[in-house]
Amino acid sequence: MTHELTISTHGTGLYEITSHVKTWMRHSGVSDGLLTLFIRHTSASLLIQENADPEVQTDLTAFFHRLVPPTTDPSMSYLTHTYEGPDDMPAHIKAAMMPVSLSIPVSGGQLVLGTWQGIYIVEHRNAPHQRRVAVQLLGE
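Residues numbered from 1 in each chain as written. Predicted model: local features only at pLDDT ≥ 70, side-chain atom pairs only at ≥ 80, totals over all residues. Heavy atoms only, no water.

Here we look at the sheet that holds strand β4 (residues 44-50)
Paired through their backbone hydrogen bonds, the strands of a sheet run either parallel or antiparallel. Here is the rule we go by: At least two DSSP bridges between two strands are needed for those strands to be called paired. Helical segments are the DSSP runs of H or I of at least four residues, strand segments are the runs of E of at least two, and each set is numbered from the N terminus. Lines fitted to C-alpha atoms define the axes here, with helix axes fitted over just the stretch in contact, and angles between the N-to-C directions of these axes take values from 0 to 180 degrees. By the convention used here, residues are in contact when the closest approach between their heavy atoms is within 4.5 Å.
Read across the open sheet, the 3 strands follow the order β2-β7-β4; overall the sheet is antiparallel. Two strands lie at the open edges of the sheet, namely β2 (13-16) and β4, each paired on one side alone. Within this sheet the neighbouring strands show an average axis-to-axis angle of 35°, counted without direction. As paired strands, β2 and strand β7 (residues 117-123) are joined by 4 bridges and run antiparallel to one another. Along β7, the bridge assignment pairs Y15 with I121. Against the sheet, helix α2 (residues 54-67) makes contact with β2, β4 and β7, and its axis sits at roughly 140° relative to β4, the strand it touches most.

Considering the pattern of salt bridges
For clarity, the cut-off: What makes a salt bridge here is a side-chain nitrogen of Lys or Arg within 4 Å of a carboxyl oxygen of Asp or Glu, nothing more. Buried residues are those whose accessible area, probed at 1.4 Å on protein chains only, stays under 20% of the maximum for their type, while exposed residues exceed 50% and partly exposed ones sit between those limits.
Scanning the entire structure with this criterion turns up 5 salt bridges. A salt bridge links R40 to E4, with the shortest nitrogen-to-oxygen separation between them at 2.4 Å. One end of the pair, R40, is in the loop between β3 (33-39) and β4; the other, E4, is in strand β1 (residues 2-10), with 36 residues separating them in the sequence. With relative accessibility at 31%, the residue E4 sits in the partly exposed group. With its nearest N and O atoms 3.0 Å apart, the salt bridge here joins R125 to D87. One end of the pair, R125, is in the loop between β7 and β8 (128-139); the other, D87, is in the loop between α2 and α3 (88-97), with 38 residues separating them in the sequence. Like R125, the residue D87 is buried in the burial classification. Here the salt bridges do not stand alone but share partners, grouping E84, D87, D88 and R125 into one network.

Laid out in structure tokens, this is it:
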């Protein structure tokens, strides 16, 4: 059975959704298996990343902004898809470079993540959005 999580974002950055996923898992009735997450958007991504030091999230956001700046940056003048604003095409490029789906083992009702790992939506757009993540847990 597939479920959908809806997560509000408030602009560019990483939004940890680990607790949302764990809450849903408790109600799934499956304690061992494989969890699959899939973001249903072309301008956001999913990521497993450190959840202990918020500077990691800030630095990742800054890095991707520097790597793919908005279309108002002269280095991006070759882009033609600008109808939805200067952050739109760069958001699509970032989403093409980062995962849009994740697979995570589940054992004993727990996500098999490392000590400092969390699950994140990476919002690539500047404006707030409602992001939808399809979640499915297949048991053994």
